[in-house]
Amino acid sequence: MEDGIVKLINQPLLPHKFEIYDCKDYKITAEAIRDMVVRGAGAIGATAGYAMAQAFLAGEDVGKAAEYIKSMRPTAQNLFYAVDKVLKAKDKEEAVKVAQEIADEDADFCERIGEHGENLIQDGFKILTHCNAGWLAFVDWGSALSPVYKAKRNGKNVFVFADETRPRCQGARLTAFELAQEGVPHAVIADNAAGYYMKKKEVDFVIVGSDRIAANGDVANKIGTYEKAVLAKENGIPFYVAAPTTTIDFECESGDKIPIEERDEGEVLCMFGKDNCGKVSKIRIAPEESKAKNPAFDVTPAKYIAGIITEKGIFKPEEIKDIKNS
Ligand code: MRU
C-alpha cells in the first residue's frame, strides 16, 4: 500500500502483459479479490488486510467493511484470518501496522516453508504441481513453489510439471510464468496428462498449496487436486501440501465442512489467450446452448497426504489440530 492506495499485480493479464492495478478504497480492493485481479490464499489475505486498513483510514464503518470484504470469496481461510485480525485494531495507525505485519508474516512463513520443504527435494527430482501456489499467490515466496525455488537456488537440478489447471489456467499462465522468471526447467501439461507421467515413473514428488486446511488434516485446494492425490497414492509417489498455519481453520472439523466456491460457467465454456497477431481475447469453446458447472476447489482427504509443510515444520495431517497450541 502506498499513500492509501493498494497496488496489485493485475493477474488476469499475465503472462501476456504486466500491469499494476490501483485500488483507491476498500470496496475497489475487495472487488479486486472477487474478480481475481489478486488470487491465491496468502495474497488474498494480505490484500484483505490492506482493504481493512483503507476502511480505517477513510473513517468507514469497519464492521460493515469487514463483512463486505469477507463476502468476496468463500474458501481461502487467509481472507477471514486477515480481516478479523485488522478489525481488532483500536485506530487507523494500528490498522495499517497490523495489515503490514500480515503481509510481512506471509513472506516470512513462506520462506520458512521453503527451508523445511527443500529437505524433501533431492537433486534431479521431477516435481508435479497443480494450480499456482508461488509468489503470485503469496507475498514474495509462495507455498508449494517455495521449496522448489530454494532447491534451485541451492544448486539442485529440478524439473517441474505444471498442470495447466482449467478452467482459469493458473498453472499454464501463472506457475509457468513464475518458473520461467526463476529459470526453473518446466513443462506445462494438460490436467489429464498427470496420471500418464506418474505411471511412467516420471514424477518423483507432488507438491500443492492449499486454500483451507481442516482440523482433521483434510485439504481444500484448486479443483483437480483430489484426483492428483489419488493418482499419486496409486503410483507410490509422495503427495505433500505446503501452507502457512494461517491457512488452517481449526474451527472446521473436517473437509466436508469447507465452503466450496462455485464460479461463473463462462470460465469453463470459454478461454482467454493471445492470437498470432499478439491480441489477447476470449474465445468460446463449447456450443452456445451448452451450460457448465464450475466448482473452484475440491477437498483431498487426509489419507492421501504424506505431510503438510508449514513454517513450523512438516506435520502428518493428523497432527494438524495440535499445531494451534504448539
Ligand atoms: O482461485 P484461486 O486462484 O485463488 O485459487 C487459489 C490457488 O491458486 C490454489 O488453489 C493454490 O493451489 C493454493 S492457494 C495459493
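Residues numbered from 1 in each chain as written. Predicted model: local features only at pLDDT ≥ 70, side-chain atom pairs only at ≥ 80, totals over all residues. Heavy atoms only, no water.

### Observations regarding the sheet that holds strand 5 (residues 186-189)
What counts here: Note on pairing: two strands pair once DSSP finds at least 2 bridges between them. Each helix corresponds to a stretch of at least 4 residues labelled H or I by DSSP, and each strand to a stretch of at least 2 residues labelled E; elements are numbered beginning at the N terminus. Where helices are involved, their axes are fitted lines through C-alpha atoms of the stretch in contact, as for all axes, and angles between N-to-C directions lie from 0 to 180°.
Taken in spatial order, the 7 strands make up an open sheet running 5-4-3-6-9-14-15, and their pairing is mixed. The sheet is open, and its two edges are formed by strand 5 and strand 15 (313-315), each paired on a single side. Shown here is a sheet whose adjacent strand axes are inclined to one another by a mean of 25°, direction ignored. Relative to strand 6 (residues 205-208), strand 3 (residues 126-129) runs parallel, the two sharing 2 bridges.

### Considering unusual backbone geometry
Backbone geometry follows two general trends: most residues other than glycine have a negative phi, and most peptide bonds adopt the trans configuration. Put simply, the rule reads: To sort residues, take the accessible area from a 1.4 Å probe on protein chains only and compare it with the maximum for the residue type: under 20% means buried, over 50% means exposed, and anything in between is partly exposed.
In this structure, P15 follows L14 across a cis peptide bond, with omega equal to 5°. Despite not being glycine, M36 has its phi angle at roughly 65°, a positive value. The exposure class assigned to M36 is buried, which follows from its relative accessible area of 2%. The phi dihedral of D140 is positive, around 75°, even though this residue is not glycine. Within the secondary structure, D140 is located in the loop between strand 3 and helix 6 (145-153).

### Some details on the site of the ligand
For clarity, the threshold we go by: Only a single heavy atom is needed: when it lies within 4 Å of a molecule or strand, its residue is near that molecule or strand. Note that accessible areas follow from Shrake-Rupley with a 1.4 Å probe, and for residues the cover is restricted to the protein chains shown. Residues were grouped as follows: Ala, Val, Leu, Ile, Met, Phe, Trp, Tyr, Cys and Pro as nonpolar; Asp, Glu, Lys and Arg as charged; and all remaining residues, including Gly, as polar. Those domain boundaries reflect an automatic or database domain assignment.
The ligand sits among 18 residues. The nearest are R39, R73, D211, N221 and K222. About the coverage of the ligand: the protein hides 100% of its 400 Å² of free accessible area. Grouping the amino acids of the shell around the ligand by side-chain chemistry returns 7 nonpolar, 7 polar and 4 charged. Two domains share the shell around the ligand, each providing at least three of its residues, namely domain 1 (6-110) and domain 2 (120-323).

### As for the packing of aromatic side chains
Note the following rule: When the centres of two rings from Phe, Tyr and Trp lie within 6.5 Å, Trp using its six-membered ring, the rings pair. Their planes under 30 degrees apart give stacked, over 60 give edge-to-face, and anything left gives tilted. By definition, being over a ring means that NZ of Lys or CZ of Arg is both within 6 Å of the ring centre and within 35 degrees of the ring normal.
Per the counting criterion, the structure on display carries 8 aromatic pairs. Each ring, one from Y26 and one from Y68, has its centre 6.2 Å from the other, and the planes form 85°; the classification is edge-to-face. With Y26 in helix 1 (residues 26-34) and Y68 in helix 3 (residues 62-70), this residue pair connects regions lying 42 residues apart in the sequence. Both rings, one in Y196 and one in Y197, keep their centres 5.0 Å apart while their planes meet at 80°; by these two values the pair is edge-to-face. Taking the ring centre of Y68 as reference, the NZ or CZ of K27 above it sits at 5.9 Å. One Lys or Arg, K222, reaches over the ring of F297 and ends 4.2 Å from the middle of that ring.

### What to know about the packing of helix 2 (residues 41-57) against helix 3
Worth spelling out the cut-off: Any angle that is under 35 degrees is reported as roughly parallel, and any over 145 degrees as roughly antiparallel; angles of 65 to 115 degrees are reported as roughly perpendicular and all others as oblique. Handedness of a crossing follows from how the near helix is turned relative to the far one, being left-handed for an anticlockwise turn of less than a right angle and right-handed for a clockwise one. Contacts are assigned to residue pairs with any non-hydrogen atoms lying within 4.5 Å of each other.
Direction vectors running N to C along helix 2 and helix 3 enclose 155°, while the axes themselves pass 9 Å from each other. In terms of orientation, helix 2 lies roughly antiparallel with respect to helix 3. Helix 3 is crossed by helix 2, and the crossing has right-handed handedness. Residues A48, A51, M52, A55 and F56 of helix 2 pack against V62, A65, A66 and I69 of helix 3.

### Some words on helix 9 (residues 225-234)
For the α-helix, the turn length of 3.6 residues means that residues three or four positions removed from each other point alike. Threshold: Each C-beta atom gives one direction from the helix axis, and the arc is the one those directions make.
Within helix 9, burial applies to T225, K228, A229 and A232. The buried residues of helix 9 all sit within an arc of 100° when viewed along its axis, so they share a single face. Where the residues of helix 9 are buried, they touch strand 4 (159-163), helix 8 (194-199), strand 6, strand 8 (219-222), strand 9 (239-242) and strand 13 (297-300). G236, located one to two residues past helix 9, shows a positive phi value of around 65°.

### Topic: the domain arrangement of the chain
Quick reminder of the rule: Note: buried area is the sum, over both parts, of the accessible area (probe 1.4 Å) each one loses when the two are combined.
Parsing the chain into structural domains produces domain 1 (6-110) and domain 2 (120-323). Spacing between the C-alpha centres of domain 1 and domain 2 amounts to 23 Å. Taken together, the 29 residues of domain 1 in the interface contact 36 residues of domain 2. Both faces combined, the contact of domain 1 with domain 2 buries some 2,700 Å², and carbon together with sulfur accounts for 58% of it.

### Overview of the sheet that holds strand 13
The strand order across the open sheet formed by 4 strands is 10-7-8-13, and the pairing between neighbours is mixed. Of all strands in the sheet, those with a lone pairing partner are strand 10 (248-249) and strand 13, marking the two edges. Two elements, strand 8 and strand 13, share 4 bridges in a ladder whose sense is antiparallel. Within strand 13, the position partnered with K222 by the bridge is F297. Packing against the sheet, helix 9 makes contact with strand 8 and strand 13, and its axis sits at approximately 30° to strand 13.

### Observations regarding the pairing of strand 3
Selection criterion: Note on handedness: a crossover is taken as right-handed if, strands pointing away from the viewer, the path from the first strand over the helix to the second is clockwise.
In terms of strand pairing, strand 3 meets strand 4 through 4 bridges, oriented parallel. Counted as the bridge partner of I127 is V160 from strand 4. In terms of handedness, the path from strand 3 via helix 6 over to strand 4 forms a crossover that is right-handed.

### Thoughts on the side chain of D106
To be explicit about the condition: Here the positive residues are Lys and Arg and the negative ones are Asp and Glu; neither His nor the chain ends is included. The working definition used for a salt bridge is a side-chain nitrogen of Lys or Arg within 4 Å of a carboxyl oxygen of Asp or Glu. The definition of a polar contact used here is a pair of N or O atoms within 3.5 Å, where within protein one atom must be able to donate a hydrogen and the other to accept one, and adjacent residues in sequence count solely through side-chain atom pairs.
Its location among the elements puts D106 in helix 5 (residues 92-118). Here D106 is buried and forms no salt bridge, its nearest opposite-charge partner K85 lying at an N-O distance of 11 Å. Separated by 2.8 Å, the side chain of D106 and the backbone nitrogen of V139 make a polar contact. Residues within four places of D106 in sequence aside, it is in contact with G42, F138, V139 and P244.

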